[in-house]
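Take a look at the letters that make up each chain.
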Amino acid sequence: MVARLLTPLNRYFRARPWLAFALLAVFLAVLPFIVGAGFGRGWVRVLDFVLLYIILAIGLNIVVGYAGLLDLGYIAFYALGAYLFAWLGSPHFGLHLPFWVILPLGALLAGLFGVLLGAPTLRLRGDYLAIVTLGFGEIIRIFLNNLNAPVNITNGPQGINLIDPIRLGDFSLGSTQAVFGITLYSPYLYYYLFLAFTLATVFIAMRLQDSRIGRAWAAIREDEVAAAAMGVNTRNVKLLAFAMGAMFGGVAGGLFASFQGFISPESFHLLESIMILCMIVLGGMGHIPGVILGAVLLTVLPEALRHLGDWQRAWLGEVVVDPSDLRMLLFGFALVLMMIYRPAGLIPSRQRKRELAAEDGVAEQEQASLYDTRA
Amino acid sequence: MDIFVQQLINGLVLGSIYALVALGYTMVYGILELINFAHGEVTMIGAMVSVAVMTALIAAVPGMPALLIVLAGLLLAIPACMLLGYGIERVAYRPLRRAPRLAPLITAIGLSIVLQNLAMLIWGRRYIAFPPVISREPHQFLGASISDLQIVIVLLSLIIMAGLAFLVQRTRLGRAMRATAQSREVAELMGVNVNTVISATFVIGSALAAIAGFMVSAYYGLAHYYMGFMLGLKAFAAAVLGGIGNIPGAMLGGLLLGVIEALGAGYVGDLTGGFLGSHYQDVFAFMVLILVLVLRPSGLLGERVAARA
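Residues numbered from 1 in each chain as written. Chains lettered and ligands numbered in written order. Predicted model: local features only at pLDDT ≥ 70, side-chain atom pairs only at ≥ 80, totals over all residues. Heavy atoms only, no water.

1. Thoughts on the domain arrangement of chain A
Residue and element names in this part refer to chain A.
Then comes step 1: By the assigned domains, chain A splits into domain 1 (1–39) and domain 2 (41–288).
Then comes step 2: Taking only C-alpha atoms into account, the centre of domain 1 sits 29 Å from that of domain 2.
Then comes step 3: Both sides of the domain 1 and domain 2 interface together cover about 830 Å² of buried area, and 76% of this is carbon and sulfur.
Then comes step 4: Ranking the residues of domain 1 by area buried against domain 2 places Leu28, Pro32 and Phe33 at the top, with a combined share of 53%.
Then comes step 5: For the pair domain 1 and domain 2, the interface holds 2 residue pairs in polar contact (both at pLDDT 80 or more).
Then comes step 6: Across the side of domain 1 that touches domain 2, the residue classes tally to 7 nonpolar, 1 polar and no charged. (Domains from an automatic or database assignment. Buried area = accessible area lost by both parts, 1.4 Å probe. Polar contact = N/O pair within 3.5 Å; in protein donor to acceptor, adjacent residues only side chain to side chain. Nonpolar A, V, L, I, M, F, W, Y, C, P; charged D, E, K, R; others polar.)

As structure tokens, this is what we get:
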């Protein structure tokens, strides 16, 4: 039914791509005002986080979706980017470098660590790689948590405070500004900055997918031996996937630190890595619209579930269960049900859809090989 | 030298708990080639149920002998976990046996989130104290102190491991398990009911996890809804260290990991001139894991799995 309504619409816009782009641009430009007016200013912050998670999800999608390397420690790169921003732009070390110096440095540092993680794990595939990367993420977090003595580097569990907002000259995104006569609060300003980064990320990721490297990643994902036989330098290409994915994480981390003004190891828990992975898997692995949808859903859903308390009061007359306890429970159930009923994600890529729809035996075989550890 | 013996003992105690949990991972992996991520949470549920039962019993029946209380706690936690393990397999893994490999990993993660939060709803966010039913009186031994509890933990896990080895090597069910591990299809053709075998594997693993959960909460004197996560990860590291899918490997890996961790935590301060302290204990498990996977992916006792690595 919905599909029948959408098809002519789809055809209409396909013939006029500029119109679709213009509408999308207007929508994205006014979105924070709609959200702010409709749901309150707190939701504009949520919107900012949606954009950050889209960057993270697309970055991880390069590693997991394109190259087929299951990475459960991705949040470590986010943490490195965030801590680098905090070290170079806060009273903690007394340094206040501008953001256009720190963000590229953060990307570089994260990329370097991506290669450091990638190099020893090149030979591993599937579950093994997942566990090693998970261990890597935990090691980074434990160090962040404990490197406050004898030399105070990370300030331990208290985290680092008073991180500089992003600032160009006198124009600081951390305070309310008037632009063209419109008063813009800090979350609105960050929205436009993050939007620019998100669009750049989407663009880069799309171009990468169709590039020579992107095709090499797909080849490795489907069959590493065959890819090597076809002349793909599997070692370099895999390292590149790790480094590229990590760089997006590093940039997002820097943005997060300056937006939040405060970071602590708690923000970089394993659950965050898992969350980002779930965004990719729920939306449709390796497929950018799916990944974006997954990021939006999984950022908004836990926030919306905070209102469970209000609903309980409305329906049952009292708050029976603390909503913050309940929301993760429901989230866990959602993951399980989703995987059982739609294992390929909400919007699977065309290729995956074809695999699932193909003749049963063939589909089974292809699926088995997709993430199988056995050659 | 005193520190060495003491840490060795601590490591062996902790290691035998790891070994029990690692057995659950390795048995499931051996048969399904799947990391049962929710296994750590089963351990946590075992600890929580036994602590809750014992606390309730002490309040309800004053003057009950300590041994009876402990037995009641264990005997309720074990079936509860067995049921849970069976349920996990039925709900999260069986419908996904033909799905892409990432799918069961995600359901397992989803289930562990569910179990953690259920435990938090039932028992609250705070640490629950283990009731004082087991003596912690230390004995002196080679300049180190060792308590009755520690001796019981090590002995009991050795007995259980021997029992498991007997089950796998000498019984009909054990033979069916080994056959299924080698090839599910061929085992099925030979008349093995594969589904029953897989369920039995989960149930046995969960029973071991329940005992381990009881032990770990008795050892630390605490139970907490989040305790299963780290324990599960370390036990998994132990299983990989020994060679995943290999039952003696899991036992060896568990004991070794416990000892490495204890010695590492005991000496890291001296080795780094005080720069890193004993709170880096958790890092060692992951370091070992990464080193093993990089240098010898098949683990200490595992067969060579070159194509898999």
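2. Focus on a nonpolar patch on the surface
All names here are of chain A.
Then comes step 1: On the surface, a cluster of nonpolar side chains totalling about 750 Å² of accessible area is made up of Phe21, Leu24, Val26, Phe27, Val30, Phe33, Ile34 and Ile182.
Then comes step 2: Broken down by element, the nonpolar patch gets its largest block of residues, 7 residues, from helix H2 (residues 17–39).
Then comes step 3: As for its position among the elements, leucine 24 is in helix H2. (Patch = residues over 30% accessible without salt bridge, like charges linked within 9 Å, V, L, I, M, F, W, Y side chains within 5 Å. Areas by Shrake-Rupley, 256 points an atom, 1.4 Å probe, with all protein chains shown as cover. Salt bridge = Lys/Arg side-chain N within 4 Å of Asp/Glu carboxyl O. Helix = DSSP H or I, 4+ residues; strand = E, 2+ residues; numbered from the N terminus.)

3. Overview of unusual backbone geometry
Then comes step 1: Its identity is not glycine, yet Leu162(A) carries a phi of approximately 55 degrees, on the positive side.
Then comes step 2: Note on placement: Leu162(A) falls in the loop between helix H6 (126–146) and strand E3 (167–168).
Then comes step 3: Using a relative accessible area of 60% as the deciding quantity, one classes Leu162(A) as exposed.
Then comes step 4: Backbone geometry at Glu33(B) places phi at a positive 55 degrees, although glycine is not the residue there.
Then comes step 5: Checked against the element boundaries, Glu33(B) lands in the loop between helix H1 (2–32) and helix H2 (39–60). (Buried < 20%, exposed > 50% of the residue type's maximum accessible area, 1.4 Å probe, protein only.)

4. Comments concerning the packing of aromatic side chains
Residue and element names in this part refer to chain A.
Then comes step 1: Inspection of the entire model under this criterion finds 21 aromatic pairs over all chains.
Then comes step 2: Their ring planes at 35 degrees and their centres at 5.2 Å tell us that tyrosine 78 and phenylalanine 256 sit as a pair that is tilted. A residue pair is termed long-range when its members are at least 10 positions apart, and tyrosine 78 in helix H4 (residues 75–88) and phenylalanine 256 in helix H10 (residues 234–260) qualify at 178 residues.
Then comes step 3: One aromatic cluster is present, built from ring pairs that chain together Phe49, Tyr78, Tyr83, Trp87, Tyr190, Phe194, Phe256, Phe259 and Phe268. (Phe/Tyr/Trp six-rings, centres within 6.5 Å; stacked < 30°, edge-to-face > 60°.)

5. Some thoughts on the packing of helix H8 (residues 212–222) of chain A against H10(A)
Residues and elements named next belong to chain A.
Then comes step 1: Look at H8 against H10: their axes get within 10 Å of each other, and the N-to-C directions meet at 105 degrees. Judged on the interaxial angle alone, H10 and H8 are roughly perpendicular. Note on element contacts: H10 touches H8 through Thr234, Val237, Lys238, Leu240, Ala241 and Met244, opposite Ile213, Ala216, Trp217 and Ile220.
Then comes step 2: Looking at the contact of H8 with H10 residue by residue, the classes come out as 8 nonpolar, 1 polar and 1 charged. (Axes fitted to C-alpha atoms, helices over the stretch in contact; angles between N-to-C directions. Parallel < 35°, antiparallel > 145°, perpendicular 65-115°, else oblique. Contact = heavy atoms within 4.5 Å.)

6. Structural notes on the interface of chain B and chain A
Then comes step 1: Tallying the contact residues gives 49 residues for chain B and 53 residues for chain A.
Then comes step 2: Between chain B and chain A we count 0 salt bridges in total.
Then comes step 3: Taken together, the elements giving at least two residues each to the side of chain B that touches chain A come down to helix H4 (102–123), helix H9 (227–242) and helix H11 (281–295) of chain B.
Then comes step 4: A total of 14 residues in the side of chain B that touches chain A trace back to one element, the largest contributor, which is H4(B).
Then comes step 5: For the side of chain B that touches chain A, the residue count by class is 38 nonpolar, 5 polar and 6 charged.

7. As for the nonpolar core
Then comes step 1: Among the nonpolar cores identified, the biggest contains 227 residues, and Leu255(A), Ile263(A), Phe268(A), Leu23(B) and Phe37(B) are the most heavily contacted of them.
Then comes step 2: With 19 residues, the single largest contributor to this core is helix H3 (residues 42–66) of chain A. (Core = buried A, V, L, I, M, F, W, Y, C linked by side-chain atoms within 4.5 Å.)

8. Some points on the pairing of strand E2 (residues 138–141) of chain B
All names here are of chain B.
Then comes step 1: Here 4 bridges tie E2 to strand E3 (residues 144–147), and the two strands are oriented antiparallel to one another. Opposite phenylalanine 141, over in E3, you have alanine 144 as the bridge partner.
Then comes step 2: Hairpin remark: E2 followed by E3, antiparallel, with 2 residues in the connecting loop; positive phi at leucine 142, about 50 degrees. (Pairing = 2+ DSSP bridges.)

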